[in-house]
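Breakdown of the fold
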Amino acid sequence: MRYLPGEAQQLPGNRASLAGYQARHFLFEVADGVATLTLNRPERKNPLTFDSYAELRELFRALAHADDVKAVVIAGAGENFCSGGDVHDIIGPLTKLDMPGLLAFTRMTGDVVKAMRACPQPVVAAVDGICAGAGAMLALAADLRLGTARSKTAYLFTRVGLAGCDMGACALLPRLIGQGRASELLYTGRSMGGVEGERWGFFNSLHEPQELLAAARALAQGLADGPTFAHGMTKKMLQQEWNMGVDEAIEAEAQAQAICMATNDFHRAYHAFVAKQKPQFEGD
């Protein structure tokens, strides 16, 4: 495998299979086209380490080539999503780094968000309990977020003397919930509750904690069973059009749609409609 060691399998045509990939710093499984990535340090509320950051970056980069993964769910083990960077494994060592070392670290963490936004698969975050700091950025970088009433999402960077602009927060959060609300969360570092998060548009829906993961997987499965090439194009355009004027966006969408019209899935949908059947999409 180009990006990942171990059990990932390289296939012809710059394609790869991740079904056999054995993650080192979190749990990872693939079933029926849906990959489930579970941050798995529940005794510490699933904090990130230098190693887990790096593996997340490489895994999401590899997903760009994985033809056996059509959608991704990211969740946390236990009753929390992610408490952010590990105080002992990350924060402490950062206080001893020089400026080049600090910049290398902050660029690496930003690369995780870039990789999540660049992979063609829709990413669904299942957010329960604590979702803080870098964990809140993982949720923000996902395409869709499901939460619980007890979830607490906080961009804590100013609480530790840092700017609220970490990992793309000042670009992504205002686009999701609005400039004023994003400013409040990023300046104060306060927690946004689940009900508030749904009302503000951060969460697409709320679920009971025991039903959250199943709901996220069901949503991801529905996407995985759909026209996945078209989903990838939709994600690309959602990202790309942030930097376009309206006229440029309309032209870019004309080109994207023409490409999708040349796919077999588009023809399958037409023939299924004529036959009054449900289309069976294959992602080509």
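1. Description of the overall build of the protein chain
Per the secondary structure count, the protein chain includes eleven helices and eleven strands. Relative to its length of 284 residues, the protein chain is compact, with a C-alpha radius of gyration of 19 Å against a globular reference of 19 Å. Across its three principal axes, the protein chain shows a C-alpha extent of roughly 60 × 45 × 40 Å. Every one of the 284 residues in the protein chain was classed for burial, and the buried ones make up 44%.

2. Some details on helix H6 (residues 179-188)
Residues Ala 182, Leu 185 and Leu 186 constitute the buried set of H6. All buried residues of H6 project into a common sector of 95° when viewed along the axis, lining one side. Seen from the open side of H6, the exposed residues pointing more than 90 degrees away from its buried face are Gly 180 and Tyr 187. Its buried side turned inward, H6 meets helix H5 (169-177), strand E10 (191-193) and helix H7 (194-200). Looking one or two places after H6, you find Gly 189, whose phi comes out positive at around 70°.

3. A look at the pairing of strand E6 (residues 123-127)
Judged by how many residues are buried, E6 sits mostly within the fold: five of five residues are covered. Burial along E6 is two-sided: the face carrying Val 123, Ala 125 and Val 127 and the face carrying Val 124 and Ala 126 are both buried. Sheet topology note: the strand E5 (residues 71-76)/E6 ladder contains three bridges and is parallel. Bridging across to E6, Ile 74 finds its partner in Ala 125. The sheet contact formed by E6 and strand E8 (residues 144-147) spans four bridges and is parallel. Considered in E8, the bridge of Val 124 is made with Leu 144.

4. Section: helix H1 (residues 50-62)
Between its first and last C-alpha, H1 extends 19 Å over 13 residues, near the 18 Å set by a 1.5 Å rise per residue. Taken residue by residue, H1 has Ser 52, Tyr 53, Glu 55, Leu 56, Arg 57, Glu 58, Leu 59, Phe 60 and Ala 62 as its buried positions.

5. Concerning the sheet that holds strand E4 (residues 34-39)
Across the sheet, which stays open at both edges, the six strands sit in the order E3-E4-E5-E6-E8-E11 with mixed pairing between neighbours. With one partner strand each, in any of the chains shown, strand E3 (27-31) and strand E11 (205-206) form the two edges of the open sheet.

6. Concerning the packing of aromatic side chains
Enumeration over the complete set of coordinates arrives at four aromatic pairs. Ring geometry for Tyr 21 against Phe 28: centres 5.9 Å apart, planes inclined by 70°, an arrangement best described as edge-to-face. A relative accessible area of 14% means that Phe 28 is categorised as buried. Residues Tyr 53 and Phe 105 carry aromatic rings whose centres are separated by 5.7 Å and whose planes lie at 85° to one another, so their mutual orientation is edge-to-face.

What counts, and at which threshold
Residues numbered from 1 in each chain as written. Predicted model: local features only at pLDDT ≥ 70, side-chain atom pairs only at ≥ 80, totals over all residues. Heavy atoms only, no water. Helix = DSSP H or I, 4+ residues; strand = E, 2+ residues; numbered from the N terminus. Rg over C-alpha atoms; globule rule 2.2 N^0.38 Å. Buried < 20%, exposed > 50% of the residue type's maximum accessible area, 1.4 Å probe, protein only. Arc of directions from axis to C-beta. Contact = heavy atoms within 4.5 Å. Pairing = 2+ DSSP bridges. Expected span 1.5 Å × (residues − 1). Phe/Tyr/Trp six-rings, centres within 6.5 Å; stacked < 30°, edge-to-face > 60°.

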